[in-house]
Amino acid sequence: MAVYCIIGGGGFIGLNLARDLSASGGFVRTYGRPCPFRADLPVGDHRVGEFDDTGRLAAAVEGCDVVYHLIGPTSLPDAERLETGQRDTVLRQTLRLLDLARRGAFRRLVFLSSGGTVYGVTDGRPVAEDAPQWPICSYGVGKLAIERHLHVHHVLHGLDYRIARVSNPFGPYQRGAKGQGVVAALIEHGLRGTTFPLLGDGRIVRDYVPVGDVVMALRRLGDYDGEARVFNIGSGTGRSLTDMIGLVEQTIGRRIAVDRRAGRALDVPVNVLDIGRARSQLGWSPEVPLEDGLRLTADWVRAAISEGPVREQAAG
């Protein structure tokens, strides 16, 4: 039986991944801050601790076949607001995690990077993994710095790693009020009848991918033994924010009021990922239709709202 540790396992992607790995028969250990949806976490070994608590972290990853590193700021603005020392915390502690790998604590590391930010401004066409990487926000810089250290540890110490550059994931357990994703935020504002703050003119284009497809890609990366290290994970299709507002309105059957505000300098105009490498090397392709992903997300947000204050506090 494979043994997994998900660092950040109580978060949006981590919780979905934990549920999937557990259902597939793996032994799953999660590590991180208390999970707001603890009752939905299908693992008995949920260890609470901060990422910079090296002792607890070391105990959590010891003896694991695959460690998933999902820790980072929850949003782009969060990363910009952090003081310099706080921004460096994730990088410093990641280096300690890599030291644990060098000492044989675990076999493989799968790192959740950001396909939406590490490339920076592109020419609008789907961007492949070997394209230039010039992020224009601290979030992307932090992710790229960790990627480079993974490469160094591979060359010098034989680190077995894989990187998932994920585009814009959405799905159940994503909390719109926490800035975790525009899809969840749109759904929540629409269902509550509140106003969505639209930054810019709505023409920015992003690559939206349901979390179920992301989880499948992460599972494949845990098993993949080919030579490639970095993989774009997205839908391969770009959609404008205006288009997404319309699709969410169709999904929930309600109009969404918007408050138009100035755009942000940290938002690139277009980001769409070329997922050809994942198709050919991992045998992975997105399988969840966008409409189905939106419906699953809306159902979860609707249930979170209807279940009352406790569930709403966790969700928001």
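Residues numbered from 1 in each chain as written. Predicted model: local features only at pLDDT ≥ 70, side-chain atom pairs only at ≥ 80, totals over all residues. Heavy atoms only, no water.

Notes on the state of the cysteines
Item 1. Per the stated rule, a full pass over the model turns up 0 disulfides.
Item 2. Free cysteine C5: the closest other cysteine sulfur is in C64, separated by 4.9 Å.
Item 3. Its sulfur unpaired, C35 is 14 Å from the next cysteine sulfur, which belongs to C5.
Item 4. With a relative accessible area of 9%, C35 lands in the buried category. (Disulfide = S-S within 2.5 Å. Buried < 20%, exposed > 50% of the residue type's maximum accessible area, 1.4 Å probe, protein only.)

Here we look at empty space enclosed by the protein
Where empty space is left in the structure can be found by rolling a water-sized probe over the atoms.
Item 1. Here the structure, examined in full by the defined rule, presents 2 cavities of 30 Å³ or more.
Item 2. Reported here for the second largest cavity is a volume of approximately 30 Å³.
Item 3. As for the second largest cavity, its lining consists of G10, G11, F12, L15, P36, F37, Y173, R175 and Q180. (1 Å grid on protein atoms, 1.4 Å probe; cavity = no way out; pocket = protein on both sides within 12 Å on 5 of 7 lines; lining within 4 Å. Points joined across faces, edges and corners; volume = space filled by probe spheres on them.)

Digging into the side chain of H46
Item 1. Within the secondary structure layout, H46 lies in strand 3 (residues 45-48).
Item 2. In this view, H46 contacts T30, R33, P34, C35, R38 and L41; residues no more than four positions away in its chain are not counted. (Helix = DSSP H or I, 4+ residues; strand = E, 2+ residues; numbered from the N terminus. Contact = heavy atoms within 4.5 Å.)

A word on a nonpolar patch on the surface
Item 1. Together, V152, V155 and L156 give the surface a local cluster of nonpolar side chains, amounting to about 280 Å² of exposed area.
Item 2. Checked against the element boundaries, V155 lands in helix 5 (residues 138-157). (Patch = residues over 30% accessible without salt bridge, like charges linked within 9 Å, V, L, I, M, F, W, Y side chains within 5 Å. Areas by Shrake-Rupley, 256 points an atom, 1.4 Å probe, with all protein chains shown as cover. Salt bridge = Lys/Arg side-chain N within 4 Å of Asp/Glu carboxyl O.)

Notes on the environment of D243
Item 1. With respect to the helices, strands and loops of the structure, D243 is situated in helix 8 (residues 241-252).
Item 2. In this structure D243 comes out as partly exposed when scored by relative accessible area, which is 44%.
Item 3. Sequence separation of D243 and V205 is 38 residues, and the distance between their C-alpha atoms is 9.2 Å.

Looking at unusual backbone geometry
Item 1. A positive phi angle is found at Y173, which is not glycine, with a value near 80°.
Item 2. As for its placement among the helices and strands, Y173 is situated in the loop between strand 7 (168-170) and helix 6 (182-192).

Regarding the packing of aromatic side chains
Item 1. Per the counting criterion, the structure on display carries 5 aromatic pairs.
Item 2. One aromatic cluster is present, formed by F37, Y173 and W300 through successive ring pairs.
Item 3. The aromatic ring of Y161 is capped on one face by R229, whose charged end is 5.3 Å from the ring centroid. (Phe/Tyr/Trp six-rings, centres within 6.5 Å; stacked < 30°, edge-to-face > 60°. Lys NZ or Arg CZ within 6 Å of the ring centre and 35° of its normal.)

Looking at helix 2 (residues 54-61)
Item 1. Buried within helix 2 we find L57, A60 and V61. Buried residues of helix 2 fall within an arc of 85° about the axis and therefore sit on the same side.
Item 2. G63 occupies a position one or two residues after helix 2 and carries a positive phi of about 80°. (Arc of directions from axis to C-beta.)

Observations regarding the pattern of salt bridges
Item 1. Using the criterion set out here, one finds 21 salt bridges in the structure.
Item 2. Here R165 and E147 are joined by a salt bridge, their closest N and O atoms 2.6 Å apart. Of the two residues, R165 sits in strand 6 (residues 161-166) while E147 sits in helix 5, which places them 18 residues apart along the sequence.
Item 3. Assessed through its relative accessible area of 3%, E147 is described here as buried.
Item 4. One continuous salt-bridge network, built from bridges that share partners, spans R107, R108, D160, R162, D225 and R229.

Some points on helix 5
Item 1. Here helix 5 spans 28 Å end to end across 20 residues, near enough to the 28 Å set by a 1.5 Å rise per residue.
Item 2. Listed in full, the buried residues belonging to helix 5 are Y139, G140, K143, L144, I146, E147, L150 and H153.
Item 3. Two residues or fewer past helix 5, G158 is found with a positive phi of approximately 75°. (Expected span 1.5 Å × (residues − 1).)

Observations regarding the packing of helix 6 against helix 10 (residues 290-306)
Item 1. Two numbers describe how helix 6 lies on helix 10: the axes approach to 10 Å, and their chain directions differ by 50°. Regarding the angle of helix 6 to helix 10, the classification is oblique. Between helix 6 and helix 10 the crossing geometry is right-handed. Contact residues: helix 6 offers V183, I187, E188, L191 and R192, while helix 10 offers L294, T297, A298, V301, R302 and I305. (Axes fitted to C-alpha atoms, helices over the stretch in contact; angles between N-to-C directions. Parallel < 35°, antiparallel > 145°, perpendicular 65-115°, else oblique. Left-handed = near helix turned anticlockwise from the far one by under 90°.)

Let's talk about the sheet that holds strand 2 (residues 27-32)
Hydrogen bonds between backbone groups are what pair the strands of a sheet, and the pairing can be parallel or antiparallel.
Item 1. Overall, parallel pairing links the 7 strands, which are arranged 3-2-1-4-5-6-11 in an open sheet. Looking at the sheet topology across the chains shown, the edges are occupied by strand 3 and strand 11 (230-233). Here the average twist between neighbouring strands, direction ignored, is 20°.
Item 2. Pairing analysis gives 6 bridges linking strand 5 (residues 106-114) to strand 6, with the strands arranged parallel. Within strand 6, the residue paired with F111 across the bridge is I163.
Item 3. Sitting on the sheet, helix 1 (residues 12-23) touches strand 1 (3-7), strand 2, strand 4 (64-69) and strand 5, and the angle it makes with strand 1 is about 170°.
Item 4. With respect to the sheet, helix 5 is in contact with strand 4, strand 5 and strand 6, its orientation differing from that of strand 5 by roughly 155°. (Pairing = 2+ DSSP bridges.)

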